[in-house]
Each structure stands twice: as C-alpha cells, then as structure tokens.
Amino acid sequence: MSEEKRPYKTDFGPPDYRLLLHPVIKKNYGKWKYHEVIRPGVIKRVAESGDVVYIVKMGTPRLLATDTIRWIADLAEKYCDGYLRWTSRYNVEFILTDESKIDPLIKEIEEGGFVVGGTWDATHAKYGITNIVHTQGWIHCHTPATDASGIVKSVMDELIDYFKEMKLPAFCRISLACCLNMCGAVHCSDIAILGIHRLPPVVKNEKLPKICEVPSTVASCPTLAIRPDPKTKGVQVNEERCMYCGNCYTMCPAMPMADPEGDGISLWVGGKVSNARSGPAFSKLAVPFLPNTPPRWPETVGAIRKIVETYAEGANKHERLGEWIERIGWEKFFERTGIEFTDKHIDDFTLAQVTLRNTSQFRW
Ligand code: SF4
Ligand code: SF4
C-alpha cells in the first residue's frame with residue numbers, strides 16, 4: 001500500500017528557516033565568496049556564482065506597534081520582493097538584489113524616523129555600535145528593578161552617531177537586564193546595564209496564606225532566607241541571608257520587591273563572548289548604583305557615554321573594552337572615566353577567593 005507523501009507541517013515553533021530564505025540566498029547557500037560593508041548600514045554579499053545581495057540594516061527599538069511592523073513589511077514588498085530578516089539585536093535587515101533601490105529605501109526609512117547603521121568593517125578596524133539587546137522591564141515583567149525599553153531608547157539616542165557611523169576601534173556590545181536573574185544574559189557584555197534591588201521583599205502576611213502556598217514559597221528561596229511563621233500562618237524573611245533576587249515574588253505575589261528608593265541600576269564593563277585575541281570574560285562592576293530616573297535616565301546615559309567615549313579615544317585597533325582596561329589597568333579606568341572607586345567594588349562573596357586576583361599583579 002503506497003503512503004501518501006505530504007510535506008511535514010507543524011504549528012509548534014517557527015517554520016523551517018529554509019522555507020523563508022531569499023531565493024538568491026537559498027541558491028547560494030554555503031557558497032559565499034566574500035562580503036564588504038560598502039557604507040555604514042549597507043553590506044554587499046558576493047557568492048561564488050557571481051550573484052550579489054545587498055543588506056540594508058535598520059535599527060528598531062524592539063517593541064513595535066503593529067502599524068510599524070506593517071510599514072516595515074510594506075517596505076520589504078516595495079524594495080526587496082518581500083524579503084527581510086530580524087537580527088537578535090532587533091535590527092531589520094532588508095535584502096535587496098537591485099543596487100539602485102538602496103538609496104530610495106534608506107530615504108524612506110529615514111523619513112519614517114528610523115536609522116540605518118549598526119555595521120562593522122573588521123578588515124579596516126572600523127566598528128559601529130550595535131543595537132542594545134534588552135529584557136522586558138516595567139512594561140511586562142513582574143520582578144524588574146528598573147525599566148528596559150526606556151533606558152535603551154535614552155542610551156541609543158545619546159549614542160546614535162556610533163550606530164550610524166563606524167568609528168569605534170572594536171565591537172562594543174551593550175546589553176540590559178532589568179533584574180539580576182538576567183533573562184537577557186548581560187553578564188558577558190562590553191557594557192552591561194543591570195537592574196538591582198537593594199531591599200528584601202515586603203512580606204504581606206495578612207494576604208499570604210490566602211493566595212500563596214507556604215511550602216513552595218519557602219522552597220523558592222535559593223539562600224534559605226525564608227521560613228514559615230506559625231503565628232501568622234505566613235512566612236518570615238531573614239534579611240541577612242536575602243540576596244534580593246525576587247524569586248519568592250515569582251512564587252508568591254504577597255512578597256513584592258519593587259521599591260522606588262531601593263531599586264536602581266548598576267553598570268558592568270569588560271565582558272565578551274568572543275575567543276578572539278583573549279578568552280571570553282565576565283563583565284566586572286564599574287558603577288554600583290544609579291537611581292531610576294525616568295523618562296530620560298540622565299545619570300545612566302551620562303555614565304555610559306563617558307565610558308564609550310573614553311574607550312573609543314584610548315583603545316587600540318580591534319581592542320575590546322575589557323582588553324583595553326586590562327592593558328591600562330583598572331586604576332586608570334576609574335581615573336579616566338571619572339567613576340568613583342568604592343568599597344562596593346571589592347568582591348566579598350563567600351567564594352571570592354576563586355575570582356579575586358590577590359597576587360603581586362593585582363590591579364584595580
Ligand atoms: S531581567 Fe529579570 S525583571 Fe527583567 S524581564 Fe528578565 S526576569 Fe524579568
Ligand atoms: S528575594 Fe530571593 S533571596 Fe531574598 S527572600 Fe526572596 S527568594 Fe530569598
């Protein structure tokens with residue numbers, strides 16, 4: 001009995017990416033000769049067959065109105081036969097085969113209030129800053145210590161020239177996570193913007209037994225700071241043990257974390273994922289605390305601008321921010337950026353001996 005052959009289809013997850021590739025990319029898959037950045041925001045890719053595609057890279061703020069997505073789709077229909085792709089840093093890459101359409105596309109993008117850029121030319125050591133990858137912030141998540149989209153918009157407005165041009169000596173990846181659980185994984189970024197809580201949760205024992213399970217709330221704490229409180233049938237928190245992670249609030253809404261004074265931002269620098277020149281590295285603390293100051297976040301924006309400018313001025317070609325700091329020493333980093341070195345910069349975690357550099361080469 002012959003079986004009817006049907007294409008495999010599922011509604012779980014995204015469709016197979018090969019079904020959606022641009023025809024020229026599909027035809028030349030794995031057979032590309034070279035690429036070059038012909039100007040900031042525009043990449044030319046040449047295949048072994050001689051086929052060419054042009055990529056026009058447009059930054060987006062990640063959270064987009066449906067009307068904006070329709071506008072982007074219309075641009076793709078008009079200039080790119082309907083083909084585009086989204087990058088993991090929320091840029092849109094329009095894929096064109098007709099070089100003469102590049103200028104009109106960029107004109108329409110700019111008239112729409114968006115910018116083209118975010119590219120780099122490693123051969124000539126000219127790098128643009130890429131878009132900031134970030135988490136949900138106040139708009140969506142329940143445990144943020146700070147906002148995400150608002151800060152990212154303010155920082156990128158300030159650094160927009162670094163996005164539009166390629167004037168950095170190396171990659172500078174900026175990331176934001178609005179709490180230390182970091183669903184955005186900012187810990188290996190050149191500059192990490194990280195929301196921090198500084199106060200333990202407020203325990204609302206009048207509500208807690210009615211809306212939460214005590215055993216699961218107790219079990220939610222990674223530092224064993226929560227124990228049952230038989231008097232109230234709720235829980236108690238040992239503040240000495242609390243590391244302000246907010247995990248209990250995820251489990252139990254009667255233990256809110258948000259606090260207008262206690263919550264804020266810390267900045268971390270010098271991390272990277274790449275293996276080039278030096279190994280991957282975690283970001284290290286630069287600024288322990290900055291207050292939440294919406295809507296334009298002047299303290300955070302100012303500190304990041306200062307770090308980027310000082311780095312751009314002092315780093316060698318291809319030198320990432322962490323490599324530059326290692327070369328000049330942390331003492332010089334604090335001196336040149338004007339960031340104050342405080343006791344908060346000293347790692348006093350129980351297992352700090354693993355990470356602490358306490359040899360004759362120790363520099364901070
Ligand atoms: S980083 Fe934390 S607060 Fe922000 S969205 Fe992720 S889990 Fe929520
Ligand atoms: S915030 Fe984290 S460490 Fe503190 S009590 Fe809640 S779960 Fe435990």
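Refer to the structure above for everything that follows.
Given the structure is predicted, the values throughout are model-derived calculations rather than measurements.

This next bit is on the overall build of the protein. A tally of helices and strands in the protein yields eleven helices and 14 strands. Along the first, second and third principal axes, the C-alpha set of the protein runs to 75 × 70 × 45 Å. Out of the 364 residues belonging to the protein, those deemed buried represent 44%. In the protein, of all internal contacts separated by at least 6 residues, the share reaching a separation of at least 24 is 64%. Computing the positive centroid from 46 side-chain charges and the negative centroid from 45, the protein places the two 3 Å apart.

With that settled, the discussion passes to the state of the cysteines. Under the definition given, this model contains one disulfide. Across the disulfide, Cys212 is cross-linked to Cys252 (sulfur-sulfur distance 2.1 Å). In this structure the cystine formed by Cys212 and Cys252 twists about its S-S bond by roughly 75°; its chirality is therefore right-handed. In this pair, Cys212 sits in the loop between helix 6 (208-211) and helix 7 (214-219) while Cys252 sits in the loop between helix 8 (247-251) and strand 13 (264-269), placing the two residues 40 residues apart along the sequence. Just as Cys212 is buried, Cys252 falls in that class too.

Lining the immediate surroundings of ligand 1 are Thr135, Gln136, Cys141, Thr143, Pro144, Cys178, Cys179, Met182 and Cys183. Among the residues forming the shell around ligand 1, the class breakdown is six nonpolar, three polar and no charged.

Our next topic: the sheet that holds strand 2 (residues 42-47). Strand order across the open sheet formed by five strands is 1-2-3-5-4, with antiparallel pairing between neighbours. On the outer flanks of this sheet lie strand 1 (32-39) and strand 4 (84-86), each paired with one strand and no other. Each adjacent strand pair in this sheet contributes to an overall mean axis angle of 25°, direction not counted. Pairing of strand 3 (residues 52-59) with strand 5 (residues 91-96), which is carried by six bridges, proceeds in the antiparallel orientation. Directly across from Met58, in strand 5, lies its bridge partner Val92. Against the sheet, helix 2 (residues 66-80) makes contact with strand 3, strand 4 and strand 5, and its axis sits at roughly 20° relative to strand 5, the strand it touches most.

For the rest of this paragraph, the subject is the sheet that holds strand 10 (residues 191-196). In space, the five strands of this open sheet follow the order 8-9-10-13-14, with mixed pairing throughout. At either margin of the open sheet sits one strand with a lone partner, and together these are strand 8 (133-134) and strand 14 (284-291). The pairing of strand 10 with strand 13 spans six bridges and is classified as antiparallel. Across the sheet, Leu194 pairs through a bridge with Ser266, a residue of strand 13. The sheet strands contacting helix 11 (residues 330-337) are strand 13 and strand 14, and the helix crosses strand 14 at an angle near 30°.

Reading the values: the criteria
Note that residues are indexed from 1 along each chain, following the sequence as it is written. Labels follow written order: the first chain is A, the first ligand is 1, and so on. Residue-level local features of this predicted model are given only where pLDDT is at least 70; pairs of side-chain atoms are given and counted only at 80 or more, and the full residue set underlies all totals for whole chains, interfaces and linings. Heavy atoms throughout the structure, all of them, feed into the side-chain values; hydrogens and water do not. Starting at the N terminus, helices and strands are each numbered in turn, a helix being any DSSP run of H or I of at least four residues and a strand any DSSP run of E of at least two. Think of it in three bands: with a 1.4 Å probe and only protein chains considered, a residue is buried below 20% of the maximum accessible area for its type, exposed above 50%, and partly exposed in between. Contact criterion: two residues are considered in contact whenever any of their non-hydrogen atoms come within 4.5 Å of each other. A residue counts as positive if it is Lys or Arg and as negative if it is Asp or Glu; His and the chain ends are not included. In plain terms, the charge of a residue is placed at NZ if it is Lys, CZ if Arg, CG if Asp and CD if Glu. Disulfide assignment relies on a single distance test, namely cysteine sulfur atoms paired within 2.5 Å. Nearness of a residue to a molecule or strand requires only that one of the residue's heavy atoms be within 4 Å of it. Classes in brief: Ala, Val, Leu, Ile, Met, Phe, Trp, Tyr, Cys and Pro nonpolar; Asp, Glu, Lys and Arg charged; the others, Gly included, polar. Pairs of strands are assigned from DSSP output, requiring at least two bridges between the strands. Each axis is a line fitted through C-alpha atoms, taken for helices only over the stretch in contact, and angles between the N-to-C directions span 0 to 180 degrees.

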